[in-house]
Amino acid sequence: MRSDAWYKGRDRDSYIHRAWMRRGLPDDAFDGRAHIAIANTASDLAPCNSHLNEISDFVKNGIWEAGGVPLNMPTVSLGETQVRPTAMLWRNMSAMATEELLRANPIDGVVLLGGCDKTIPALLMAAASVDIPAIVVPGGPMLSGTFKGKALGCGTDVWKFSEELRAGKMSEADFLKSESSMIRSRGHCNTMGTASTMGCVAEALGMTIPGVAGTPAPDSRLLQSAQETGRLIVEMVKLDRKPSDVMTKGSFLNAIVTLAGIGGSTNAVVHLLAIAGRLGINLTLDDFDKTGSKVPLLANLQPAGNHLMEDFFRAGGLLALLNELKDLLDPTPITVTGKPLVNYLSDNSIFDETVIAKRDKPLQQSAGIAVLYGNLAPTGAVIKPAAASKELLQHKGKALVFDSIEDFHKRIDDPNLDVDKDTVLVLRGCGPKGYPGMPEVANMPIPQKLLKQGVRDMVRICDGRMSGTAYGTVILHVSPESAAGGPLALIKTGDVISLDVENRSLNVELTDDELAKRKPSTEMLDSLAAPQRGWEKMYIDHVMQANLGADLDFLVGSSGSQVSRESH
Ligand code: FES
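Residues numbered from 1 in each chain as written. Predicted model: local features only at pLDDT ≥ 70, side-chain atom pairs only at ≥ 80, totals over all residues. Heavy atoms only, no water.

Considerations on empty space enclosed by the protein
Put simply, the rule reads: Points on a 1 Å grid over protein atoms alone make up a cavity when a 1.4 Å probe fits among them but cannot get out, and a pocket when they form an open set with protein on both sides within 12 Å along at least five of seven lines; lining residues each have an atom within 4 Å of a point. Grid points are joined across faces, edges and corners, and a volume is the space filled by probe spheres set on the points. Secondary structure follows DSSP: runs of H or I at least 4 residues long count as helices, runs of E at least 2 residues long count as strands, and numbering of each begins at the N terminus. Classification convention: Asp, Glu, Lys, Arg as charged; Ala, Val, Leu, Ile, Met, Phe, Trp, Tyr, Cys, Pro as nonpolar; all other residues, Gly among them, as polar.
Enumeration according to the criterion identifies two cavities of 30 Å³ or more in this entry. Taken as a whole, the largest cavity encloses approximately 60 Å³ of empty space. Elements that contribute at least two residues to the lining of the largest cavity include exactly helix H12 (249-262) and helix H14 (285-292). Across the lining of the largest cavity, the residue classes tally to six nonpolar, four polar and one charged. By volume, the second largest cavity amounts to about 40 Å³. Lining the second largest cavity, in full, are Pro138, Gly140, Pro141, His188, Ala195, Ser196, Gly199, Cys200, Ala213, Gly214 and Met309. If you tally residues by element for the lining of the second largest cavity, the top one is helix H9 (residues 194-204), at four residues. When its residues are assigned to classes, the lining of the second largest cavity shows six nonpolar, five polar and no charged.

Observations concerning the pattern of salt bridges
Pairing between side chains of opposite charge can happen when their charged atoms approach one another. We count it as follows: For this analysis, a salt bridge means a side-chain nitrogen from Lys or Arg found within 4 Å of a carboxyl oxygen belonging to Asp or Glu. Type-normalised accessible area, obtained with a 1.4 Å probe on protein chains alone, sets the label of each residue: buried when under 20%, exposed when over 50%, and partly exposed for intermediate values.
As enumerated under the stated definition, the model contains 30 salt bridges in all. A salt bridge links Arg103 to Glu100, with the shortest nitrogen-to-oxygen separation between them at 3.0 Å. With Arg103 and Glu100 both in helix H4 (residues 88-104), this residue pair falls three residues apart, about one helical turn. For Glu100, a relative accessible area of 40% translates into the label partly exposed.

As for the pairing of strand S9 (residues 394-402)
Filter applied, for reference: Pairing between two strands requires that DSSP report at least two bridges joining them.
Summarising the sheet, S9 and strand S13 (residues 496-500) pair through five bridges and their orientation is antiparallel. By the bridge assignment, Gly397 is partnered in S13 with Ile497. Examined bridge by bridge, S9 and strand S10 (residues 424-427) share four bridges and lie parallel to one another. Across the sheet, residue Leu400 finds its bridge partner in S10, namely Leu425.

Below you can see the structure in the form of structure tokens.
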């Protein structure tokens, strides 16, 4: 085992390693027992993860039971709602910190505790690059809060209420009153936003105990699963079952089928591309369209549908949903248990068909991510048709261009804004390099004057991302981004943009010659950050485009788990 390189000798160095770690550990703790890190993203500043210490305690119980030695390893945590300028700027830093901590320490295996949006992706990226045995325990969604008798979808209802307030349909007093009802319990957002999506996707990849994804955070069964996970990771170390054995191209394709079936967040696209990159797996944007776009939508969950994660779990959960899609799944990739995911499906039934639809009565026939190309997105852009308005999926309209999110906020509610329901809102300067960090701003609020006319959706185009809890006809992740030479930087207000989702095209009606003559918008260039030092500088210099997962170029791949030299 790796930890033997620290503890096995009889010399001064091994003496130091053992002596400083003892602190109550038994003598045989260093005698061939698996040392398991619990990479723990609990933090008071990541409120969706603040309960993970309790989960860690149950993982520890399982590790002790199986003869291992559990070691709590706090790692970089990111609170989606708190971190500025955007949590995505720090995902790769979190992944890098966890990767290096795992490699530098006497660790034989790791249990990954995440929840809030970026935490599970960062942990999986790290585990993939070190490639020691690893299992995820997703922190789980919160219970459904209610306001005025109606269940509240966190995130989704914030966007909805804020639009109602701007439209004059909701009072400010009610808006503020709803705030204390939004977060009912411990756990992450209770919609099928990015956190719930990544929990499900981690399970579809095979990286959790099957059946755990979607277990509400306060549910005692989550603690039971945590304890089982603790036992299993010790077993996995004995068998040397690594992330690269579990996460194969087939398991990524299973994750894509899952993403479509649950109506999951578009953010999963960049995260899955980044995780695959760490494993050397050739996963592309086109795989999402090819494998996912024809998959039926079965989960009736906000933001695309009506219900919340607590309902999903009660209705049978992820395994019941995947049982309906069994024939679309690759039966060969193993999970952390050593058995394929499909082996766990047949015992699971749907208990409430209003929450999880049967295969023969899907909510939508083709639900996955559609990938668009054209002279506005030469290397791709994505749209989630399930969350879009059907009548806008084929659309032609004049662009109204904003050079930064500040420019957008300044002008969007101007009563004299030249805009109508057919206008295409364009926001640029929000890609990985541009903002920097690719913020969740693509779901631009509808102009107030149109809200008052009853308009609730418009075509919107952006090189940033959108919150997994958001909805609308939003084309996002436009690559290359405007700050990296993408054509989005060249268009002007009034240019005609045509969108045809069925034919997968996104174009501005300008000839190549006209585009070539144009220069990038100076207002957009002036709005870009120009950090001179620190992480932001490193990030801007090395981040790749969204179609490649927005990882740093030098973090792609694995450095393995070799034990490095030391000196005391
Ligand atoms: Fe943490 Fe939504 S803010 S999951």
